[in-house]
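Residues per chain, in single letters:
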Amino acid sequence: MTSNFIAPDGYPRCQWCGGAPEFLPYHDNEWGFPVDDDQRLFEKLCLESFQSGLSWRTILNKRENFRAAFHHFDFHQVARFGEADVQRLLQDPGIIRHRGKIESTINNARRAQEMVEQEGSLAAFFWRFEPDASSLPPPQSQTTSPESVALAKALKKRGWKFFGPTTAFAFMQAMGLLNDHAEGCIVREQAARAREGFLRPSGRQKTTA
């Protein structure tokens, strides 16, 4: 069982959000709350990929720089990036200057466009991988799951890059596909209520003339 961090307001939170001051507002206002906005989902996918081998604190502190550099993660705009944009981004000290991750973000933006065309939205696709809440192990007791493995495989098959099962699980935790707030964390109940009232997205039906 995960121990809790007692925040400055005197209430318990997930232990990890005591690691840095900037973690607390992220934990309280974003992490674990369900998201169906395609641009936010794409942003999180990209940031999780950039985090590979680094700390989330590094990425979180650079998030506004990433947003500025990648047009707030509007994947339709990022999909149009070319080599000149790659060179521009490699010179940007406000982000992680890793050619492979930058190029994968551009590739994934193009794959996101394809997914929207095929599925109706990114949200419709990703929420298919929501695990059965009744079968989940204790909160924060795993770093992958059968669903995250399946999601990573599905994305790889569609040509997405820099997105393995561990990254997929972190994405699912953050975007509220499961409520992984620790038992005793005061935000766990808030996230649970948000998930209860959340309308799961479904793909759009294609029409023919």
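Above: the structure in question.
Residues numbered from 1 in each chain as written. Predicted model: local features only at pLDDT ≥ 70, side-chain atom pairs only at ≥ 80, totals over all residues. Heavy atoms only, no water.

Novice: How do you make sense of the overall build of the chain when you look at a structure like this?
Specialist: Along the backbone of the chain there are eleven helices and two strands. The C-alpha atoms of the chain give 17 Å as radius of gyration, which agrees with the globular expectation for 209 residues (17 Å, within 12%). Of all intrachain contacts in the chain linking residues separated by at least 6 positions in sequence, the fraction that spans at least 24 positions is 65%. In the structure as shown, the chain presents an accessible area of about 10400 Å², 50% of it carried by carbon and sulfur atoms. (Helix = DSSP H or I, 4+ residues; strand = E, 2+ residues; numbered from the N terminus. Rg over C-alpha atoms; globule rule 2.2 N^0.38 Å. Contact = heavy atoms within 4.5 Å. Areas by Shrake-Rupley, 256 points an atom, 1.4 Å probe, with all protein chains shown as cover.)

Novice: How do you make sense of the environment of F198 when you look at a structure like this?
Specialist: Here F198 shows up in the segment after α11 (186–196). We classify F198 as buried; its relative accessible area is 13%. Linking F198 and F75, residues 123 residues apart in sequence, is a C-alpha distance of 24 Å. The residues touching F198, leaving out its near neighbours within four places in the chain, are P34, V35, D36 and W127. (Buried < 20%, exposed > 50% of the residue type's maximum accessible area, 1.4 Å probe, protein only.)

Novice: Looking at this structure, I do not really get the packing of aromatic side chains. What am I missing?
Specialist: Here a ring pair, both rings aromatic, is described through the centre-centre distance and the interplanar angle of the planes. Under the definition given, this model contains 17 aromatic pairs. Seen in terms of ring centroids, W16 and Y26 are 6.4 Å apart; in terms of plane orientation they differ by 65 degrees. Their pairing is edge-to-face. Remark: Y26 occurs in helix α1 (residues 23–29) and W16 occurs in the loop between β2 (12–14) and α1; sequence separation between them is ten residues. On the accessibility criterion, W16 (25% relative accessible area) is partly exposed. Judged by its relative accessible area of 5%, Y26 is buried. Where F42 meets F75, the ring centres are 5.6 Å apart and the plane angle is 65 degrees; that geometry is what we call edge-to-face. Here F42 is found in helix α2 (residues 38–51), whereas its partner F75 is found in helix α5 (residues 75–78), with 33 residues between them in sequence. This pair shows no difference in class: F42 is buried, exactly as F75 is. Taken together, F42, F50, F66, F70, F73, F75 and F81 form an aromatic cluster joined through their ring pairs. Above the plane of the ring of W56 lies K44, whose end atom (NZ or CZ) is 3.6 Å from the centre. (Phe/Tyr/Trp six-rings, centres within 6.5 Å; stacked < 30°, edge-to-face > 60°. Lys NZ or Arg CZ within 6 Å of the ring centre and 35° of its normal.)

Novice: Explain the nonpolar core here, please?
Specialist: Grouped burial of nonpolar side chains is what soluble globular proteins tend to show. Grouped together as the largest cluster of nonpolar side chains are 62 residues, with contacts concentrated most on F42, F66, F70, F126, L151 and F171. Built from parts of two domains, this core gets at least three residues from each of domain 1 (1–32 + 181–198) and domain 2 (33–180). L151 has contacts with F125, F126, F129, F163, A168, F171 and M172, leaving out every residue within four places of it along the chain. (Core = buried A, V, L, I, M, F, W, Y, C linked by side-chain atoms within 4.5 Å. Domains from an automatic or database assignment.)

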